[in-house]
Amino acid sequence: MEINPIALLLAAVVTLVVGFIWYNPKVFGTIWMRENNLTQEELRTGNMLKIFGLTYVFSLMITVILMALTIHQTGAIGMVGGPPLLDKAQPSFAAFMADYGTAYRTFKHGALHGFMSGLFFAFPVIGINGLFERKSWKYIFIHAGFWIVSLTLMGGIICGFA
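This text gives an overview of the structure that appears in the document. All of these numbers come straight from a predicted model, not from anything done at the bench. (Residues numbered from 1 in each chain as written. Predicted model: local features only at pLDDT ≥ 70, side-chain atom pairs only at ≥ 80, totals over all residues. Heavy atoms only, no water.)

## Some details on the packing of aromatic side chains
Piece 1. Within the structure shown, the criterion is met by 8 aromatic pairs.
Piece 2. Between Phe96 and Tyr100, the ring centres sit 5.2 Å apart and the planes meet at 40°, which makes this aromatic pair tilted. In this pair, Phe96 and Tyr100 are both assigned in helix α6 (residues 91–100), 4 residues apart and thus about one turn of the helix distant.
Piece 3. On the basis of relative accessible area, Tyr100 is assigned to the partly exposed category, the value being 45%. (Phe/Tyr/Trp six-rings, centres within 6.5 Å; stacked < 30°, edge-to-face > 60°. Helix = DSSP H or I, 4+ residues; strand = E, 2+ residues; numbered from the N terminus. Buried < 20%, exposed > 50% of the residue type's maximum accessible area, 1.4 Å probe, protein only.)

Below you can see the structure in the form of structure tokens.
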């Protein structure tokens, strides 16, 4: 099973693109700023290169784990010890990969797993943090919605094209 690294690099861009739309003042940006007690002036003082650069690096980290969650064949490869040991795998592994090597490798399947990752992982993490930080439900739903949409798209790209 070969992985397309360009698809992983493009999937990492999703958080930036969705973020530009999601947190735009005409979408959820104004509500998000109000819930965080931020103004446009305060937001302009941030180091944008650092913020967007690290966002991309963190998004690349997410693509690595999403690949394992959305492409089921990575589990089979992991069971034989990973890519360095594929040549030493039992013949049953080769037979399995011949039968199922491309099964469920679609955008739709990856989007489903990305959505489930957002709903059952990102949302609870954001919810827990928001509750302890005494944030509003608006705050929690805005951030959780962003991650659900982002992970859905990232999962689809990774599974369909990586």
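## So, the nonpolar core
One broad trend across soluble globular proteins is that nonpolar side chains are buried collectively.
Piece 1. One finds Trp22, Tyr23, Ile71, Ile158 and Ala162 to be the most contacted residues of the largest nonpolar core, which totals 21 residues.
Piece 2. Sorting elements by how many residues they give to this core places helix α8 (residues 137–161) first, with 7 residues.
Piece 3. Sequence-distant contacts of Trp22, defined by excluding residues within four places in its chain, comprise Val27, Phe28, Gly29, Ile142, Gly145, Phe146 and Val149. (Core = buried A, V, L, I, M, F, W, Y, C linked by side-chain atoms within 4.5 Å. Contact = heavy atoms within 4.5 Å.)

## Brief notes about the pattern of salt bridges
Piece 1. A full pass over the atoms with the stated rule returns 1 salt bridge.
Piece 2. For the salt bridge of Glu41 with Arg44, the shortest nitrogen-to-oxygen distance reads 4.0 Å. Taken as a pair, Glu41 and Arg44 lie in helix α3 (residues 40–44) at a separation of 3 residues, close to a single helical turn. When sorted by exposure, Glu41 lands in the same class as Arg44, which is exposed. (Salt bridge = Lys/Arg side-chain N within 4 Å of Asp/Glu carboxyl O.)

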